[in-house]
Every structure is written in structure tokens, then in C-alpha cells.
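# Working through the structure, step by step
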Amino acid sequence: MTAVTETHAPVLTTEARRARRVERLLPWALMSPALVISIIFFGIPMLLMLRMSFNEHAPQRLYVPGFTARHYVQLLTEERFVNAVWTTMKLSLVASLATLIIGYAFAMLVWLKPARWRLAFIGLALCPLLISEISIIFGWWMFFPKNGLLSYALTSAGILSDKISLMYTEFAAFVGLVYVTLPFCFFILLSILDGIDKRLIEASGDLGAKPLTTFREVLLPLTWTGILVAFAQSFIWAMGTYATPSALGPDTLWTMGYLIQEQMLGKSNWPLASAFSMILVVAVAVVMMFTRSLNARRTSFHA
Amino acid sequence: MPELAVERSGSRGGGFQPAFLKAVSIAFTIFVVGYILIPIVVTLIMSFNDANMIRFPINTWSLKWYRDFLGSAQFTGALLNSLIVAIGTTIIATTSGVLAAWAFERYPIPFKNGLYLIIMLPLFMPGVVLGLGVAIAFGGINIFGFQLYGSRLLLMIAHSLWAMPLVFMLMEATFRTIDHRIVEASYDLGGKPLQTFFEIVVPSVSTGIISSALFAFVISLNEFVMALFLTDRDTQTLPVLMWLSLRSAGTPRLAVSAVILACAVFACLTVIMVWYIRQLRKTAR
């Protein structure tokens, strides 16, 4: 690029000047479709949503223009809403911790296994990512209830005498949520592990360290930032996923996403739904900034 | 078993695993494989069920529900909507994402980090939030008698909020791998920027473009939270219809829908694989 401007710079004919102007405007022209999408269809809606969250709500109307912080106060004081925030945080935290443990073990397994297994395992890990969330929900929806596969398998194997149903329990919601977040966590951790020299593990073993010691003293410190990033990513994802917990969990399992949808489609209370969304956005932004600062620190370590 | 363990301990990589760890790793492998496969296998089995209810064990098998799906105007219509929206999303997201990534790779841009953040940010937002935002902003907008809200076009753009940053991210990484001397050579030989882009750059990153386009397609095909907020009865996509039907009553027809959706996705993956292998052969030759 610099070569182009340099060769043409000495002879500044009008044509060359035009070419340079084109050169300067070209990147903006190239970026314009992407910027239109993210500014007009993301930036402006976000600002309107922020504004909307301060509007008044009246029955039979979506909203009434006004300026009130009532909805935020309502979210922070009304028991049902406060509970929803806590439920979301708690469920996301537990689910992303479980995701992290399973994801780490899975990534380590793939990393240590001979290369011929690798492709099969990666294909397997891609499955939850490539299947629609609704299909995943439906799959578990057929597995957990009284007439589902789980109950049938357990009774016909003679482990249980009566049919059981795990459907509409917090456990089902948790299983579904972990399933949805697992691939993100797995791929982040696998990419981190791939950057580590496997001979370090062997060296540690040769020096007499037990596997657990090797894990604690060698692997864990090397993957620590990766663990935090993967955890944060799973947490964001678990927080935003509302369909899985609300379809598999009990009716009383109100997450923030569920309440947004309920206020928006069911109760037509747009200001309250917006206020809820803003809280979710802020939570996601906080976790993202945390992740970014970790990434920055990691790169500065290596530099 | 002991011999096996000895043999393993001699091999590379497994050097630190005693027999106990090996047992744990086998148990864990079974757990993970089972966990990931359960909903898939259950759905696949159920789609060949003959009964009207979702119930295990399955006594008779048939293709009844596949015929039922194809005979239902509502479901085939929803599938068609899904495909139209996914193709539209692919076109919008791939074009905008590839061009922006090329601009980022090739030209000095002021406020690069800020612009990067603006483009990437929607990818990290929950679908619920994006759907609500777009619904609020474009809820009542009517352009020359064309109702934007509830239209497929608005849904395509909404899906692009996830698909475009993904394409951008993948293509930015891909563009970084191309040899810039080739691009310079094209300029030196008198190639115009656009000509260079289409004749030199695009062919050398075709695998990246195809893969990111198909990922955009898959994202749009599978997404249903935004679609739930932004479609009406006539434009609802298959996942939305599945979600609404699941709330009222689940029948094996939903299993068929899930299988068909998954087949569309795996067809895309096959295309990526075939393309990739063909490209590899080409470079090998």
C-alpha cells in the first residue's frame, strides 16, 4: 500500500490526486455495509432501548413517553424480579462452573489422546454448536419425562421399579444449559492447551511428580488465563440463554431472559423489558471487559 | 490390563498416566460421548416412531411423521421461510463482513480499535436483547407501504448482527495469511484495487469465504429467539414454529423437524469439507 502512494507521489497530477482520494475513501466504503448493520441495527436500537427503559408504562399501551427510573427501582425492589436476577446469576454460575470442569477434562482428553482420535472428538464437540437450541431442548424434553428414554432405560434395566420424571426440575435446566455452553468452553481451552508443549508434562513425570501434582504445578498455572476466559464466556452465554432453562426447568424458574420475553410478548410492557435488557447488557459488558483485560495481560506476558 | 498400561507408559504423551488414570479417562470419555449424543440419538429414534405420542419404548416404526411433515403446509412453509431468511442472512453477512475485514487488513484506518469493537460487539449480545432492541427501533416503521416489522428482511438483518461479526472475525484471520507480495505484484502490474481484490485476493481465500458464509447460514437457520420477536404468523421460521408447538404439545413431528434442520446444517458442513479437500488437492498439484 505504501509502495503505491510513494511511486505516485512525485507526479501529483489531478488524476493521481483523485486516485489518492479514492484510496483514502476506499476503506470507509468497504466498511460501510458492516458499519450500517452494527450502527443502525445495533447501536441505535440499544440507545432507543436505554431511552425506552425510562418511559412510563400504561395498561393497554406498549409505553407512554416520560422519564422515570421506576422500572429500575421496580427491578431492584420487587421480590419477583430480584429473585429472577439472583436465579439467573446462580444458575449461570453453577452451569458455567460445571461446563468449565467438563470442558477442561474433555479438552485435556483430546489434547493428550493420539492425533487420530482428535478429529472425531472435535466433530463431537461441534455437535451442540451446530444443532439448533430448540432441537437440543426437544431432545432433552424426550429424555427426562416419565415416558422418556431415561425412565424407560432405568426401569427396564431393573435399577428402578417405578417410572421417574426429571422433567421440569432445576437439574434438567442445568443439564440443558451445560450442553449449550460446553462447546464454547471446550474450544477455548483446547486452543490454549494446543499452545503448550506436551513434553513439559513428560518432563514433570520424569522428575517424579505424580499426575495430580503435575496438573496442579504445571498445567494449571499455564492455562489459568484460558480457564478464566472460558469461564467468562460460558457465563455470558448461560446468562443470555433463556429458552433452555425455561423449557426444561420448573415453571417457577424465572430467569432474566424469560422475564424479558414475558414482559415484551406477554404483558406488552416494553419499558420494563428494556430495563431488564439493560441490566443484562451491563452484566455482559462487565464480564467482557474483564475478559479483555485478561487477554491483554496474557499478550503482554508473551511479548 | 497391566501390559497395556506398560505399553502406554512407553508411548509419547501418555507417559504420565498410570492404570487408574486410564480407567478414569475411559469413564469420562464414555460420559462425554453419551452426554453429547443423548439428545441427538433420542430425536433421531423418535422421528421414526409410528405412534402419536412421545413415549418410550417405541413399538412400531414408520416414516409416517416424515410424510406428515411434508404434507403440513404450516411446517413446510416455515421451513421455506427459514431457508429464505438463512440465504438472505448469508448474502448480507458475508458481503459486509468480508469487505470490512479486507478494509481492516489492507488499509490504515483511524480509530481501528473502536471500529473493531463496534463491529464485534453484537456477537456477544444475548439474542433476547438484540431481538427486543430491533423490535423497539423498527416496530412501527413502514417504508413506502412495506411493513418492515415482521418481514423477512428485518429478520435477515437481525441475524446478520450475529453472522456478520463472525464472518468478519474469521475473514480477518484468513486475510492475514495471504501473501502480500502477490497483492503488491498485482498493483505493480497495473491492477486496480477492485480487480486485484476479485481476481487475486478472493480466489486465494475462497475456502475462508465459503466456510464463513456457511457458518452465517447455519447461525441463521438455527436461531429462534430473535425470530420469535421479529416474525409474524406468515414469516415465522421452523425453529420458531417448533418452539411454539413444543409449548402446546410435543409430537414426533417436532422430532422430524429437528432431524430436517440438522440435515440442512450437516449438508452445509459436507460442502465445506468437500471444498476444503478440493482446495488442498489443487494446491498439492
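Please read all numbers here as calculations on a predicted model, not as lab measurements.

Attention now goes to the overall build of chain A. Summing up its helical and strand segments, chain A has 13 helices and zero strands in all. N-terminal to C-terminal, the α/β element order of chain A is α-α-α-α-α-α-α-α-α-α-α-α-α. For 303 residues, the compact-globule estimate of 2.2 N^0.38 gives 19 Å, and chain A exceeds it by more than 25% at 26 Å. Residues classed as buried in chain A amount to 49% of the 303 residues present. Long-range contacts, defined as pairs at least 24 residues apart, comprise 68% of the intrachain contacts of chain A with a sequence gap of at least 6. Taking the 23 positively charged and 16 negatively charged side chains of chain A as two groups, their mean positions are separated by 5 Å.

Moving on, we get to the overall build of chain B. Tallying secondary structure elements over chain B gives 13 helices and two strands in all. Against the globule reference of 19 Å for 285 residues, chain B gives a C-alpha radius of gyration of 24 Å, more extended than a compact globule. Taking the principal axes of its C-alpha atoms as reference, chain B extends roughly 70 × 70 × 35 Å. Going through the 285 residues of chain B one by one, you find that 53% of them count as buried. Taking contacts inside chain B between residues at least 6 apart in sequence as the whole, the part at least 24 apart equals 69%. Carbon and sulfur atoms make up 69% of the accessible area of chain B, which totals about 13,300 Å². Once the 19 positive and 13 negative side-chain charges of chain B are each reduced to a mean point, those two points are 5 Å apart.

Assignment of secondary structure puts Ser246 of chain A in helix H11 (residues 243–248). Since its relative accessible area comes to 9%, Ser246 of chain A is described here as buried. Leaving out residues up to four positions away in the same chain, Ser246 of chain A has contacts with Tyr258 of chain A together with Trp243 and Arg247 of chain B.

Orientation of helix H2 (residues 14–52) of chain A relative to helix H5 (residues 112–120) of chain B, taken along the N-to-C sense of each, is 50 degrees, at an axis distance of 9 Å. Classified by the interaxial angle, the pair formed by H2 of chain A and H5 of chain B is oblique. The handedness of the crossing between H2 of chain A and H5 of chain B is left-handed. Along the contact surface, H2 of chain A presents Trp28, Met31, Ala34, Leu35, Ser38 and Ile39 of chain A, while H5 of chain B presents Leu115, Ile118 and Ile119 of chain B.

Next up on the list: helix H6 (residues 133–143) of chain A. With 11 of 11 residues buried, H6 of chain A lies mostly within the body of the structure. Buried within H6 of chain A we find Glu133, Ile134, Ser135, Ile136, Ile137, Phe138, Gly139, Trp140, Trp141, Met142 and Phe143 of chain A.

Moving on to the state of the cysteines. Two cysteines form a disulfide when their sulfur atoms are joined by a covalent bond. Applying the stated criterion to the full structure yields zero disulfides over all chains. Left unpaired, Cys127 of chain A is separated from the closest cysteine sulfur, that of Cys263 of chain B, by 12 Å. Left without a disulfide partner, Cys263 of chain B is nearest to the cysteine sulfur of Cys268 of chain B, which lies 12 Å away.

Residues and elements named next belong to chain A. Taken residue by residue, chain A gives an average pLDDT of 85. The fraction at 70 or more is 93%. H6 holds the highest mean pLDDT among the elements of chain A, 93, whereas helix H1 (residues 2–8) holds the lowest, 48. This model gives residues 1–9 a pLDDT under 50, and the stretch forms seven contacts once residues within four places in sequence are excluded.

We now examine the domain arrangement of chain B. The accessible area lost on association of the parts is a frequent measure of interface size. Residue and element names in this part refer to chain B. With domains assigned, chain B is organised as domain 1 (2–47) and domain 2 (72–284). Contacts between the two partners involve four residues from domain 1, matched on the other side by five residues from domain 2. Between domain 1 and domain 2 the total buried area reaches about 340 Å² when both faces are included, carbon and sulfur atoms providing 89% of it. Our count for the contact surface shared by domain 1 and domain 2 stands at zero residue pairs in polar contact (both at pLDDT 80 or more). Grouping the amino acids of the side of domain 1 that touches domain 2 by side-chain chemistry returns two nonpolar, two polar and no charged.

What follows deals with the environment of Leu115 of chain B. Position of Leu115 of chain B relative to the elements: it lies in helix H5. Counting along the chain gives 96 residues from Leu115 of chain B to Ala19 of chain B, while the straight-line C-alpha distance between them is 53 Å. What Leu115 of chain B contacts, discounting residues up to four positions off in sequence, is Trp28, Met31 and Leu35 of chain A together with Phe104, Ile109 and Pro110 of chain B.

Attention shifts here to the interface of chain B and chain A. Every contact between the two is made by 85 residues of chain B and, on the other side, 83 residues of chain A. Scanning the region where chain B abuts chain A turns up zero salt bridges. Along the contact surface separating chain B from chain A lie five residue pairs in polar contact (both at pLDDT 80 or more).

One pass over the structure, following the stated rule, counts 32 aromatic pairs over all chains. Linked through ring pairs, Trp140, Phe143, Phe144, Phe171, Phe174 and Tyr179 of chain A together with Phe28, Phe31 and Tyr35 of chain B together constitute an aromatic cluster. Positioned above the aromatic ring of Trp254 of chain A, the side-chain terminus of Arg80 of chain A is 4.2 Å from the ring centre. Above the plane of the ring of Trp275 of chain B lies Arg278 of chain B, whose end atom (NZ or CZ) is 4.9 Å from the centre.

So, about the nonpolar core. Taken as a class, soluble globular proteins show a tendency for nonpolar side chains to be buried jointly. Grouped together as the largest cluster of nonpolar side chains are 185 residues, with contacts concentrated most on Phe106, Trp111, Trp140 and Phe276 of chain A together with Phe175 and Trp243 of chain B. If one sorts the elements of this core by residue count, helix H4 (residues 79–112) of chain A sits on top with 16 residues. Apart from the residues within four sequence positions on either side, Trp140 of chain A is in contact with Pro145, Met167, Val175, Gly176, Tyr179 and Leu248 of chain A together with Tyr35, Ile38 and Pro39 of chain B.

This part covers the pattern of salt bridges. Residue and element names in this part refer to chain A. Following the criterion strictly, the structure yields 10 salt bridges over all chains and no others. Between Arg199 and Asp197 there is a salt bridge; the shortest N-O distance is 2.8 Å. Between Lys267 and Glu262 there is a salt bridge whose closest N-O contact spans 3.4 Å. A residue is classified by how much of its surface remains accessible, and Lys267, at 46% relative accessible area, is partly exposed. The exposure class of Glu262 is buried, given its relative accessible area of 16%. Each of Arg80, Glu262 and Lys267 takes part in salt bridges that share partners, so that together they form one network.

Calculation rules
- Residues numbered from 1 in each chain as written.
- Chains lettered and ligands numbered in written order.
- Predicted model: local features only at pLDDT ≥ 70, side-chain atom pairs only at ≥ 80, totals over all residues.
- Heavy atoms only, no water.
- Helix = DSSP H or I, 4+ residues; strand = E, 2+ residues; numbered from the N terminus.
- Rg over C-alpha atoms; globule rule 2.2 N^0.38 Å.
- Buried < 20%, exposed > 50% of the residue type's maximum accessible area, 1.4 Å probe, protein only.
- Contact = heavy atoms within 4.5 Å.
- Lys, Arg positive; Asp, Glu negative; His and termini not counted.
- Charge placed at Lys NZ, Arg CZ, Asp CG, Glu CD.
- Areas by Shrake-Rupley, 256 points an atom, 1.4 Å probe, with all protein chains shown as cover.
- Axes fitted to C-alpha atoms, helices over the stretch in contact; angles between N-to-C directions.
- Parallel < 35°, antiparallel > 145°, perpendicular 65-115°, else oblique.
- Left-handed = near helix turned anticlockwise from the far one by under 90°.
- Disulfide = S-S within 2.5 Å.
- pLDDT = per-residue confidence, 0-100.
- Domains from an automatic or database assignment.
- Buried area = accessible area lost by both parts, 1.4 Å probe.
- Polar contact = N/O pair within 3.5 Å; in protein donor to acceptor, adjacent residues only side chain to side chain.
- Nonpolar A, V, L, I, M, F, W, Y, C, P; charged D, E, K, R; others polar.
- Salt bridge = Lys/Arg side-chain N within 4 Å of Asp/Glu carboxyl O.
- Phe/Tyr/Trp six-rings, centres within 6.5 Å; stacked < 30°, edge-to-face > 60°.
- Lys NZ or Arg CZ within 6 Å of the ring centre and 35° of its normal.
- Core = buried A, V, L, I, M, F, W, Y, C linked by side-chain atoms within 4.5 Å.

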